[in-house]
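Understanding the architecture of this molecule
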Amino acid sequence: MSSHSSAIAYRLEAARSVVRDAGQLAMAMRPAPGGPAGTQKSAQDWLTETDGAVEAFIADRMKTLFPEDGFQGEEGGVARDGQLRWVVDPIDGTSNYARGRNRWCVSLGLLDGDKPVAGVIEAPALGEVYTAHVGHGAFLNGKPIQVSPVKEPASAMIEMGWSNRVPREVFMEKMDAIMRLGAMPRSGGSGALALADVACGRLDGYIEIVINLWDVAAALPLLAEVGASVSPFLANGGLTGPATILAANPHIAEALSAAVSIPLK
Ligand code: IPD
């Protein structure tokens, strides 16, 4: 392993431990099942006390461990610049978390310049952690993962992310295209976990019309490692603002891309 690669591996190990502790903090603060606990940034865009607490916890730990690295959070924006930059979504799937549901995660990705190089996605309520280091594998709870072998749309399960950033007509048009293709539709409320599901074969594809870097930063290394087909999210503006993403197993990616009109190149 080159010294640069060793530096990334060392960081991934540290991130794994920080995210584990952050997940436990989120579990301790987790609302009981019931009506949403939190406030709305805008209609249907939830914020809980835990989002801020987990982001502050991770920011603090990463600053102590790697003061030379940049840091960007969903809630706090870009706090520091650096060749290596951590990108955190403290709770991805906040709408689920706020109602005491299980499908949410803590997501921490590492970029080297504009390249995603490593990521940790921990879903404490599901007992699952995904890790990836580009060039060195992608894992779910320590076991190697791979994309699904599904080729036929009639056997495929495709998720589409929803947010209030996308007009209803546009969402419905893309969802309709997924169903016309013959795939089974899903929408689970966590972009990071949906992308991880594509990487480990639980889903055959995921699309979201408007999604942010912190939702995808930790998942991109997973997808790269398993050879998933991914639209050029970063090149299309995702590094600095919201952009569209399509990720799919390579067998079905072209058909999905054509159906929903999201180019793979
Ligand atoms: C949201 C989730 C959701 C996706 C939205 C994101 P948050 O992130 O990932 O699945 O559809 O685009 O904003 O608010 O739970 O961190």
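Since the model is a prediction, treat every value here as computed from it, not as a measurement. (Residues numbered from 1 in each chain as written. Predicted model: local features only at pLDDT ≥ 70, side-chain atom pairs only at ≥ 80, totals over all residues. Heavy atoms only, no water.)

**Remarks on the pairing of strand 15 (residues 243-248)**
This is how it is decided: Categorising residues by exposure relies on relative accessible area from a 1.4 Å probe, with only protein chains included: less than 20% of the type maximum marks a residue as buried, more than 50% marks it as exposed, and the intermediate range marks it as partly exposed. In DSSP terms, a helix is any run of H or I states spanning at least four residues, a strand is any run of E spanning at least two, and both are numbered starting from the N terminus. Only when DSSP finds a minimum of two bridges between them are two strands counted as paired.
Among the six residues of strand 15, five are classified as buried, and the element is accordingly described as predominantly covered. Across five bridges, strand 13 (residues 205-211) lies against strand 15 in antiparallel orientation. Bridge pairing in strand 15 links tyrosine 206 to alanine 247.

**Section: the domain arrangement of the protein chain**
Rules: The source of the domain bounds is an automatic or database domain assignment. Throughout, a contact is declared for two residues whenever any of their heavy atoms are within 4.5 Å. Buried surface area refers to the total accessible area, computed with a probe of radius 1.4 Å, that the two partners give up upon joining, counted for both partners together. Criterion for a salt bridge: a side-chain nitrogen of Lys or Arg within 4 Å of a carboxyl oxygen of Asp or Glu. Each polar contact in these results corresponds to two N or O atoms within 3.5 Å; when the atoms are within protein, one needs to be able to donate a hydrogen and the other to accept it, and residues that are neighboring in sequence are counted only if both atoms are side-chain atoms. Think of it as three bins: nonpolar holds Ala, Val, Leu, Ile, Met, Phe, Trp, Tyr, Cys and Pro, charged holds Asp, Glu, Lys and Arg, and polar takes everything else, Gly as well.
When its domains are assigned, the protein chain resolves into domain 1 (3-144) and domain 2 (153-260). Relative to domain 2, the C-alpha centre of domain 1 lies at a distance of 20 Å. Each side of the interface is counted separately: domain 1 has 42 residues, and domain 2 has 27 residues. Summed over both sides, the interface of domain 1 with domain 2 buries roughly 2500 Å², with 63% coming from carbon and sulfur. For the pair domain 1 and domain 2, the interface holds two salt bridges. Between glutamate 128 and arginine 202 there is a salt bridge, with its nearest N and O atoms 2.7 Å apart. The interface formed by domain 1 and domain 2 contains 13 residue pairs in polar contact (both at pLDDT 80 or more). At the level of secondary structure, the elements contributing two or more residues to the side of domain 1 that touches domain 2 comprise strand 5 (84-92), helix 3 (94-97), strand 6 (105-112), strand 7 (115-123), strand 8 (128-133) and strand 9 (138-140). Considering each element in turn, the side of domain 1 that touches domain 2 owes the most residues, seven residues, to strand 7. In the side of domain 1 that touches domain 2, the residues fall into 20 nonpolar, 14 polar and eight charged.

**Some thoughts on the sheet that holds strand 12 (residues 184-186)**
The cut-off we apply is this: A fitted line through C-alpha atoms represents every axis, and for helices the fit uses only the stretch in contact; the resulting angles, taken between N-to-C directions, go from 0 to 180 degrees.
Spatially, the five strands line up as an open sheet ordered 12-11-13-15-14, and their pairing is mixed. Two strands close off the open sheet at either side, each with one partner strand: strand 12 and strand 14 (229-230). Here strand 11 (residues 157-160) pairs with strand 13 via three bridges, running parallel. Bridge pairing in strand 13 places methionine 160 opposite isoleucine 207. Running at roughly 150° to strand 13, helix 5 (residues 191-200) makes contact with strand 11, strand 13 and strand 15 of the sheet.

**What about the UniProt feature "binding site: Mg(2+)" (unreviewed entry) in the protein chain?**
Heads up, the rule is: UniProt positions are given in the numbering used here, feature names are shortened, and annotations may be inferred rather than shown by experiment.
The UniProt record annotates "binding site: Mg(2+)" (unreviewed entry) at Glu74, Asp89, Ile91, Asp92 and Asp215. Over a stretch of 142 residues, the named residues converge on one spot in the fold, their C-alpha atoms separated by at most 9.5 Å. Along the polypeptide, aspartate 92 turns up in strand 5. When sequence neighbours within four positions are dropped, the list of residues in contact with aspartate 92 reads Trp104, Cys105, Ser190, Gly191, Ala192, Leu193 and Asp215. By the element assignment, aspartate 215 lies in helix 6 (residues 213-216). With a relative accessible area of 8%, aspartate 215 lands in the buried category. Leaving out residues up to four positions away in the same chain, aspartate 215 has contacts with Asp89, Asp92, Gly191, Ala192 and Leu195.

**Section: the pairing of strand 3 (residues 70-73)**
Neither face of strand 3 is left uncovered, since the one carrying Gly70 and Gln72 and the one carrying Phe71 and Gly73 both have all their residues buried. Counting the residues that bridge the hairpin from strand 3 to strand 4 (residues 77-80) gives three residues.

**Describing the sheet that holds strand 8**
In spatial order, the strands read 4-3-5-6-7-8-9-10; together these eight strands make up an open sheet with mixed pairing. One side of each edge strand has no neighbouring strand; the edge strands of this open sheet are strand 4 and strand 10 (143-144). In this structure, strand 8 lies alongside strand 9, joined through three bridges in antiparallel fashion. When the sheet's bridge partners are listed, threonine 131 is paired in strand 9 with phenylalanine 139. Its contacts with the sheet place helix 1 (residues 3-29) against strand 5, strand 6, strand 7 and strand 8, and it is angled at close to 25° to strand 7. Each of strand 3, strand 4, strand 5 and strand 6 is contacted by helix 2 (residues 49-65), which is oriented at about 155° to strand 5, the strand it contacts most.

**Regarding the site of the ligand**
Condition: What makes a residue near a molecule or strand is one non-hydrogen atom of that residue sitting within 4 Å of it. Here the Shrake-Rupley method, with its probe set to 1.4 Å, supplies the accessible areas, and only the displayed protein chains count as covering residues.
Among the 15 residues in the neighbourhood of the ligand, the closest are listed as Asp92, Gly93, Thr94, Arg165 and Glu208. Glycine 93 places a main-chain nitrogen or oxygen 2.7 Å from an oxygen atom of the ligand. Here an oxygen atom of the ligand sits 2.9 Å away from a polar atom, N or O, in the main chain of glycine 191. In the complex, the protein chains occlude 92% of the 370 Å² of accessible area that the ligand would expose alone. No other element matches the three residues that strand 5 contributes to the shell around the ligand. Across the shell around the ligand, the residue classes break down as two nonpolar, seven polar and six charged. The residues that make up the shell around the ligand include at least three from each of domain 1 (3-144) and domain 2 (153-260).

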